[in-house]
Each structure stands twice: as structure tokens, then as C-alpha cells.
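# Close look at the chain arrangement
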Amino acid sequence: MGCSCSKVTRVENGAGLLHEPPDHPQSKLTAAWLAGELAKEGVNVQLDDVAIEQLSAPNIDGASRADGGGISGSRIVRLRLQYAAGSPKLPGDAETLVMKWTSFPHVPNLSFNLRIAQVLLFKVNHADLFRTEHYFLGKVKDVHSWGVQTPKTYVTASQQASEPPGFARLLWDARSKLITSCIMEDIGAYKTPAVPFGNVTYAKAAGAMRNVAKLHRFTWGRQGQWAPDLHEIHGRNGMATSHIGLYGLEGSGIYERKKTFAKSSGPPNMAKVWGKGNKKAGDDKGLLAIKSVAEDPNLLAAFRDLQQNWSLLFPKLGVVEPQCMVHGDFHHWNNMYGKSDDDVMLVDWQYFGSGRVAYELGYFFCAGYDCIDDDEKLLREYHDTLTSAPPDQESPAAVHLPFEQLLLEYRLAIIDMAVTMCISLGTRTFGVQYRPSDFKRMAVDPKQRDFVVGGMLLSERMFKRLIHLHRTLGSFSKLFVARSEQTAAQLLAADDLVAYGTCPATHDRDVAQ
């Protein structure tokens, strides 16, 4: 998709926004309303009618879930257009559009344990996530010219709303009154994999890698252009929310416990609670998956080796200086695939922000790719696109990131994510010990269930990659031994983890022994 589109972020005070879901009986979504919204953005069409079609999405078990959207609470409907006689048409003579609508009072209630995880542990505020996506769709106008394939957006609008304090969200599930909506190209011809968090093929994974590499390549070292605006939305200097939360970087609720991981009882506790001690997993896909790996003695051996080498490893984990802009939620369910391997659409930009590419790629592998032996080959597919000369002469110069350095950072990212998840599942979090029964209680809504079970499947793949890495190296003390002409000292230097990111020097951290 080489098209560019003029997008304007409009902030409404109520007028022009739908205050009920677009498929609600009282919705004001009419042909006149839609034509008026498009006209505000310079798209002039006349419509006689617009029919609203409910979209279905498969859930984690493959069954259909007729709520038109992912697991974050948004509503997505197809708008089937009937043009007036003689009216100009949308590009490509499109007969349909898609509308994504979010209102947080309409999002299903969250269980108390899940609110603890979101508010205190991972520092996630869902309203800020949709503010971020609204910013991306409305402000990042050049994404198609970068070569990144993502649906064309015609209209974005939101209603400003005050945010309830964290304690109110935690105790009473208080909600923001934020409403966001966007009207975009219908990419119904593109398909997602059959099951969320299921395995994706090598060809599809390679296509997704090449597409996201274009995002990283164009914004490499230039993230300061967007970070100030994102900082106003969610703080953290514009860093992707997922890079603060899931990976346990500084500022998250588990950072201090990562410092003392060398003495942590998290690994054996996790094995006891989620493995051999888990007698009531039943037939739940997510709980059975993590049970199978949690009780694997090879996982406990890998964690013990990590603890023995923690003073060497911890100063290199969670490097927070960003390299570029990242998607932030880059898993295969957010990639929609066309007829060819490279015809991939990247969707859902709620976690857009600055970050480091190794975490983006590690998350993709853990969320939906089973063949661990292919990881390095797919990293090379990504690296070839990242470091190639951009076709546009006005684009920045090619990225300088040696493959050996990318591989090292990727391995560190897997270690970092696995330790973060081990701490989450194997220790008490603000007085709460997460157990399989807790996660079952969290899954009170089909979307929340997909979120919880998906997290279990992701954790299983993450732990399996940690086992594989431990077997490959023999000991994590060998992580910094170079396989090429680069010296071990060069790879071991903490500054080098930042130098290739064209960022200021990082800092080593004290590790409690």
C-alpha cells in the first residue's frame, strides 16, 4: 500500500460522536452522519444508505464470538455503503468501510485480581491505550510512505474525558468516560490465523517480520519526533506501555524484585503452584499448557543457572533507551495476511511508542510461533530488511545494527521476559499469590478469558525458549561469548547495547546478591 491519506485528529465535545455502540438499536449511525464525518476530512461522497454488519471473531478455542473485536473491549462493525446516483466513490470503488468504536463504560467489568495486575503490577491504563491508538491514526501521517502496510484511516475522533485515579480503578473498577472512534479501510479480504495465539507458518511470520522492520527502519533514532506527544498521553517519555509493563522495566511494580532475583524463591514456587501442585487444571488450554512446562525440570535448571549468573546478566537487562518507534503489541493476531507472504496488514496500534526491537520480536515469537529452531532464521529475515537501504532517497540512512548484536539483545529479551513472568507467577504480588484458580476467576468474560488464556500460551512458549537457550549455551555465563569476529568484551560492554541504538549511554544497575 503506497497510498497516503490526510488524517486529522478531531477532539469532539459530544457532537459528531456516537455515544452508543454503532450496532446498538439507538445508534445514530446513518448515511447522512457517515457522509458528514467523511466530508469533514475532505472525502466527499453522497450516500443513500449504510447497513451495519456485525463482525465475528474466533476466540481462543476457535469458536466464533459475535462481538466484532479483539480482547481489549472495542466494537468493530462493517459499514456497507449504498452510494447515491452520480456520487463519487471511495478509492478503489470501495463498497464497505470498517468502524472501530470504544467507550470504557461499555467494556466488561474487570475482576479485582486483574485490576491489581493492570494498575499495580504492569502499570496499564486501557483508556491511555486507546488514546495512543487515536494519536497514531490521526497524527502519524507518513506510515504508508515508510512502506508499512496498515489499513488506510479516513476519520478519527474522540471525546475528552477526565481519568479516575488509580485507587478508584483498583477498588471500584472506575472507568474513564473516554470515547474514541475511527473509520477505516475494510481489509476483510485479509485473514488472521484461525485461532488467536495459535501457531503461524514460517512464510507468514517472515512477511510480518519484513513489514514491522520497515516501521523500525524509518523511525530508527528519530523517535524523538513522536515521543513528546505520547508522553503527554501516558507519560514514560513516550515509551511503549508494553515495554514498561510486560518486561518489568524500571517504573513497573516488579522491577525491585528483579534486582533480588538471585535469591528469589519464585522458580520453585512457580513449579509447585503451576506445575506438579496444579491438580485442578481440568481441560483448560492455557492452564494445561503452562502446567506442562512449569513442571519441566529443565526450566527449573535454567532459572537456577540464571540466578547463579544474575550479577552478570541483570545490568544488561531492560535497557530502557529506545532505538525507534515500535508497534508494542506485535503478535500474529495483529497481522492480517493477504494472498502473498509479503501482503501483510499490521493493525491495532494501542501500544505504539518508542522501544527496543528485540522485545518486539521476542513477543511475536512467544505469542504465536512454535518452531524455536527457526527463530534465528526469522531474525535474519527481519535484519535484512532493517539494514537495507530504504528505497526513498528522502528516508534516513540504512540502520547500522550488526546481526550478532541483534541476536544478543533478542536472547536477553527472552531472559528478561521469562524472569518477569516467573516473578509474576511464582511470588506474591502486593499480597496476592496468583494461582490457576485466580486466572479462572478472572476469565469471567469471553474477551477477558482470551486475554488470560493467551497470556498462558505466551508464557509457555517463552519458558520453552528459555530452556532452549540454556541448552544451546550450556550456561548463561556464556551468553556474551562472541560467535564471530566481534570480541566478547565488545558484546559484554553495557554501552554497546545502546551505541547501536544511536541513543545516549545507559547505566549499569546494582544487583542485590
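Residues numbered from 1 in each chain as written. Predicted model: local features only at pLDDT ≥ 70, side-chain atom pairs only at ≥ 80, totals over all residues. Heavy atoms only, no water.

## Regarding the nonpolar core
Short version of the rule: Among buried residues, the Ala, Val, Leu, Ile, Met, Phe, Trp, Tyr and Cys ones that are joined through side-chain atoms within 4.5 Å form a nonpolar core. Only protein chains enter the area calculation, which uses a 1.4 Å probe; residues under 20% of their type maximum are buried, those over 50% are exposed, and those in between are partly exposed. Numbering of helices and strands runs from the N terminus, with a helix taken as a DSSP run of H or I at least four residues long and a strand as a DSSP run of E at least two residues long.
Counting 93 residues, the largest nonpolar core has Phe303, Leu306, Tyr382, Ile415, Phe463, Leu466 and Phe476 as the members making the most contacts within it. At 16 residues, helix H15 (residues 403-426) tops the list of elements feeding residues into this core. Ranked by size, the runner-up nonpolar core spans 25 residues in total, among them Leu18, Leu47, Val50 and Leu81.

## So, the side chain of Ser87
This is how it is decided: We define a polar contact as two N or O atoms separated by no more than 3.5 Å, with the added condition that, inside protein, one atom must be a possible hydrogen donor and the other a possible acceptor, whereas residues neighbouring each other in sequence contribute only through side-chain atom pairs. Contacts are assigned to residue pairs with any non-hydrogen atoms lying within 4.5 Å of each other.
The residue Ser87 is located in the loop between strand E5 (75-83) and strand E6 (96-103) in this model. At a separation of 2.8 Å, a polar atom in the side chain of Ser87 contacts the main-chain amide nitrogen of Gln46. Apart from the residues lying within four places of it in its own chain, the contact partners of Ser87 are Val45 and Gln46.

## Digging into the environment of Pro267
Within the secondary structure, Pro267 is located in helix H9 (residues 266-276). Residue class for Pro267 comes out buried when judged on its relative accessible area of 2%. With 34 residues separating them in the primary sequence, Pro267 and Ala301 have C-alpha atoms 9.4 Å apart. Leave out the neighbours within four places in its chain, and Pro267 touches Phe261, Leu300, Phe303, Gln307 and Cys422.

## As for the packing of helix H14 (residues 375-386) against H15
Two quantities define a packed helix pair, namely the angle between the axes and the distance from one axis to the other. Keep this limit in mind: Interaxial angles span 0 to 180 degrees and are taken between N-to-C directions of axes, which are lines fitted to C-alpha atoms, for helices over the stretch in contact. Between 65 and 115 degrees an angle is taken as roughly perpendicular, under 35 as roughly parallel, over 145 as roughly antiparallel, and anywhere else as oblique. Helix crossings get a hand from a simple test, with the near helix turned counterclockwise from the far one by less than a right angle marking a left-handed crossing and a clockwise turn marking a right-handed one. By the convention adopted, Pro, Cys, Tyr, Trp, Phe, Met, Ile, Leu, Val and Ala count as nonpolar, Lys, Arg, Asp and Glu as charged, and the other residues, Gly among them, as polar.
Across the interface, H14 lies against H15 with an axial gap of 11 Å and an inter-helix angle of 130°. Taken together, H14 and H15 sit at an angle that is classed as oblique. Where H14 crosses over H15, the two elements pack in a sense that is right-handed. Within the contact between the two elements, H14 uses Asp375, Glu376, Leu379, Arg380, Tyr382 and His383 and H15 uses Phe403, Leu406, Leu407 and Tyr410. Each residue belonging to the contact of H14 with H15 can be placed in one class, and the counts come to six nonpolar, one polar and three charged.

## Structural notes on the side chain of Glu133
Relative to the helices and strands, Glu133 resides in helix H3 (residues 126-139). Taking relative accessible area as the criterion, Glu133 reaches 6% and is therefore assigned buried. Here the side chain of Glu133 touches Lys100 through a polar contact of 3.0 Å, side chain to side chain. Contact partners of Glu133, with chain neighbours within four places excluded, come to Lys100, Asp348, Trp349 and Gln350.

## Thoughts on the confidence of the model for the protein
Defined as follows: By definition, pLDDT measures how confident the predictor is in each residue, and it falls between 0 and 100.
When pLDDT is averaged across the protein, the result is 79; 72% of the residues are at 70 or more. Here residues 1-8 is modelled with pLDDT under 50, and outside its nearest four sequence neighbours on either side it reaches 21 contacts, counting other chains as well. Residue range residues 485-489 is modelled with pLDDT below 50. Its contacts to residues more than four positions away, or to other chains, number eight contacts.

## Points about unusual backbone geometry
The phi dihedral of Asp93 is positive, around 55°, even though this residue is not glycine. Mapped onto the fold, Asp93 is located in the loop between E5 and E6. The phi torsion at Asp348 lies on the positive side, around 65°, for a residue other than glycine. Here Asp348 shows up in the loop between strand E11 (344-346) and strand E12 (353-355). When its relative accessible area of 23% is taken as the criterion, Asp348 is described as partly exposed.

## As for a nonpolar patch on the surface
This is how it is decided: For patch detection, residues must exceed 30% relative accessible area and be free of salt bridges, and they are connected within 9 Å for like charges or within 5 Å for nonpolar side chains (Val, Leu, Ile, Met, Phe, Trp, Tyr). Areas reported as accessible are Shrake-Rupley estimates using a 1.4 Å probe. Residue values count occlusion only from the protein chains shown. Each salt bridge in this description consists of a side-chain nitrogen of Lys or Arg and a carboxyl oxygen of Asp or Glu lying within 4 Å of one another.
On the surface, Phe112, Phe167, Leu171 and Trp172 cluster together into a nonpolar patch covering about 470 Å² of accessible area. By secondary structure assignment, the location of Leu171 is in helix H4 (residues 166-172).

## With respect to the packing of aromatic side chains
Stated precisely, the cut-off is as follows: Aromatic pairing here means that ring centres of Phe, Tyr or Trp (its six-membered ring) are within 6.5 Å. Orientation follows from the plane angle: under 30 degrees is stacked, over 60 is edge-to-face, and everything else is tilted.
Counting across every chain of the model gives 13 aromatic pairs. Judged by centre distance (6.0 Å) and plane angle (70°), the rings of Trp349 and Phe352 are edge-to-face. Assigned by exposure class, Trp349 and Phe352 land together as buried. What links up through ring pairs into an aromatic cluster is the set Phe261, Phe303, Trp310, Phe314 and Phe463.

## Let's talk about the pairing of strand E8 (residues 179-185)
For a regular strand, the rule is simple: side chains alternate between the two faces of the sheet. What counts is decided by this rule: At least two DSSP bridges between two strands are required for those strands to pair.
Most of E8 sits inside the fold, with six of its seven residues counted as buried. In terms of strand pairing, E6 meets E8 through seven bridges, oriented antiparallel. Pairing of Trp101 across the sheet is with Ser181, part of E8. Taken together, the six bridges between strand E7 (residues 153-159) and E8 define a ladder with antiparallel strand orientation. What sits directly across from Ala157, in E8, is Ser181.

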